[in-house]
Amino acid sequence: MRQKLVVGNWKMHGCSADNRRLLQALVSGLPAAGNTAVAVCVPFPYLAQAQSLLAATPVSWGAQSLSEHAQGAYTGEVSAAMLADFGCRYAIVGHSERRAMYGETDAQVAAKFVAAKVAGITPILCVGETLAQRESDETLAVVTAQLDAVLDVAGVAAFAGGVVAYEPVWAIGTGLTATPAQAQAVHAAIRARIAARDTAVAAGLQILYGGSVKAQNAGEIFAQADIDGGLVGGASLVVDEFLAICQAANR
Ligand code: PGA
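Reference entry: report on the structure contained in this document. (Residues numbered from 1 in each chain as written. Predicted model: local features only at pLDDT ≥ 70, side-chain atom pairs only at ≥ 80, totals over all residues. Heavy atoms only, no water.)

Things to note about the overall build of the chain
In terms of helices and strands, the chain carries 11 helices and 8 strands. Relative to the globule expectation of 18 Å for 251 residues, the C-alpha radius of gyration of the chain, 17 Å, shows essentially globular dimensions. Along the longest, intermediate and shortest principal axes, the C-alpha atoms of the chain span 45 × 45 × 35 Å. Considering the chain as a whole, with its 251 residues, one finds that 51% of them fall into the buried category. Sequence separation of 24 or more characterises 72% of the internal contacts of the chain that already satisfy a separation of 6 or more. With 16 positive and 20 negative side-chain charges, the chain shows a spacing of 6 Å between the two charge centroids. (Helix = DSSP H or I, 4+ residues; strand = E, 2+ residues; numbered from the N terminus. Rg over C-alpha atoms; globule rule 2.2 N^0.38 Å. Buried < 20%, exposed > 50% of the residue type's maximum accessible area, 1.4 Å probe, protein only. Contact = heavy atoms within 4.5 Å. Lys, Arg positive; Asp, Glu negative; His and termini not counted. Charge placed at Lys NZ, Arg CZ, Asp CG, Glu CD.)

Listed below in structure tokens is the structure:
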């Protein structure tokens, strides 16, 4: 059985004092045993804080993006090696907010995915359709094209032990969620797409759902066969809510 994974995506929220309270409450509230791994992806300036507070705990940490370049004259960018230097296990790649607001292309997303892998960081590759694309029945075409763009560059072996997050754009931060059946259909399609290249890699792939996951809907979403946990935005900032989501994954 695949291990479940719940990842908090703090986005551009937090300050040292709040982060400390949140992370300490998270660590002390997590169940001692279970089949669920937990991680938080924090803003870059707080990676050192996450590292010092989480290093001796079962909670992993990561970044929300990274540069596709190894080093050089890229003002404002952060490399994969720098993330590794702060103990990051994960880096989110291709979040829809990065694609929509900062113009990240499929080619850049693929390059970032590879850069993370080179540094030993597990990329969490985000894919997902807009409402207009869903309404015109393009969901699977959009999601598979986003996936193929990375598969073609990185190769299927780069997805071994990997993480993909299906995040319908229309469900992010809106309070709308895909129904469990809608999400499961896309997750199954993602796994099938990978299986067409390598069945063992597909079987081990953790496919997370993201988009308004809350304590109240997490259980039914995580009960789907191809949903291996969640990428949680807003609810990851409220420790009781996030803990309840982690517990829902554990069932
Ligand atoms: P949300 O965000 O849970 O606030 O909808 C999810 C995400 O963008 O990763």
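Having seen it, we continue.
Points about the side chain of Asn9
Topologically, Asn9 is positioned in strand 1 (residues 4-9). Of the polar contacts made by the side chain of Asn9, one reaches the backbone nitrogen of Lys11; its length is 3.0 Å. Aside from chain neighbours lying at most four places away, what touches Asn9 is Cys41, Gln64, Ile92, His95, Leu231, Val232, Gly233 and Ser236. (Polar contact = N/O pair within 3.5 Å; in protein donor to acceptor, adjacent residues only side chain to side chain.)

Quick word on the packing of helix 10 (residues 215-222) against helix 11 (residues 239-250)
One can describe the packing of helix 10 onto helix 11 by two numbers: an axis separation of 8 Å at closest approach and a directional angle of 20°. With respect to helix 11, the axis of helix 10 lies roughly parallel. Read as a crossing pair, helix 10 and helix 11 show a hand that is right-handed. The residues of helix 11 that touch helix 10, namely those facing Ala215, Ala218, Gly219 and Phe222, are Glu241, Ala244, Ile245, Ala248 and Ala249. The residue makeup of the contact of helix 10 with helix 11, split by class, is 7 nonpolar, 1 polar and 1 charged. (Axes fitted to C-alpha atoms, helices over the stretch in contact; angles between N-to-C directions. Parallel < 35°, antiparallel > 145°, perpendicular 65-115°, else oblique. Left-handed = near helix turned anticlockwise from the far one by under 90°. Nonpolar A, V, L, I, M, F, W, Y, C, P; charged D, E, K, R; others polar.)

Quick notes on the state of the cysteines
Here a disulfide denotes a covalent bond joining the sulfur atom of one cysteine to the sulfur atom of another. Within the structure shown, the criterion is met by 0 disulfides. With no disulfide partner, Cys88 has as its closest neighbouring cysteine sulfur the one in Cys41, 7.8 Å distant. What makes Cys88 buried here is its relative accessible area of 7%. Counting only cysteine sulfurs, Cys41 is the nearest neighbor of Cys126, a cysteine outside any disulfide, at a range of 9.1 Å. (Disulfide = S-S within 2.5 Å.)

Describing the site of the ligand
Taken together, 13 residues are adjacent to the ligand, and Lys11, His95, Glu167, Gly173 and Ser212 come closest. Here His95 contributes a side-chain N or O atom positioned 2.7 Å from an oxygen atom of the ligand. Contact distances for the ligand include 2.7 Å between an oxygen atom and a backbone N or O atom of Gly173. Considering the ligand on its own, with 290 Å² of exposed area, one finds that the protein chains cover 97% of that surface. Along the lines of polarity and charge, the residues of the shell around the ligand split into 4 nonpolar, 7 polar and 2 charged. (Near = heavy atom within 4 Å. Areas by Shrake-Rupley, 256 points an atom, 1.4 Å probe, with all protein chains shown as cover.)

Description of the packing of aromatic side chains
For any two aromatic rings, the description comes down to two numbers: the centre-to-centre distance and the angle of the planes. Under the defined criterion, the tally for this structure stands at 2 aromatic pairs. Plain terms: the ring middles of Phe113 and Phe159 are 4.8 Å apart, the flat faces sit at 25° to each other, and that makes the pair stacked. Of the two residues, Phe113 is situated in helix 5 (residues 106-118) and Phe159 in the loop between helix 7 (139-154) and strand 6 (163-166); the sequence distance between them amounts to 46 residues. Judged by relative accessible area, Phe159 falls into the buried class, the value being 1%. (Phe/Tyr/Trp six-rings, centres within 6.5 Å; stacked < 30°, edge-to-face > 60°.)

A short note on the sheet that holds strand 5 (residues 122-127)
What the 8 strands build is a closed barrel, ordered 1-2-3-4-5-6-7-8; its pairing is parallel. Across this sheet, the average inter-strand angle for adjacent strands is 25°, counted without regard to direction. Pairing of strand 2 (residues 36-41) with strand 3 (residues 60-63) involves 3 bridges; the strand directions are parallel. When the sheet's bridge partners are listed, Cys41 is paired in strand 3 with Gly62. Each of strand 5 and strand 6 is contacted by helix 7, which is oriented at about 150° to strand 5, the strand it contacts most. (Pairing = 2+ DSSP bridges.)

Some details on the nonpolar core
As a rule of thumb, soluble globular proteins bury nonpolar side chains together. Leu125, Phe159, Ile190 and Phe222 are the most contacted members of the largest nonpolar core, which totals 67 residues. Of all hydrophobic cores here, the second largest spans 13 residues; its members include Val7, Cys41, Ile124 and Cys126. (Core = buried A, V, L, I, M, F, W, Y, C linked by side-chain atoms within 4.5 Å.)

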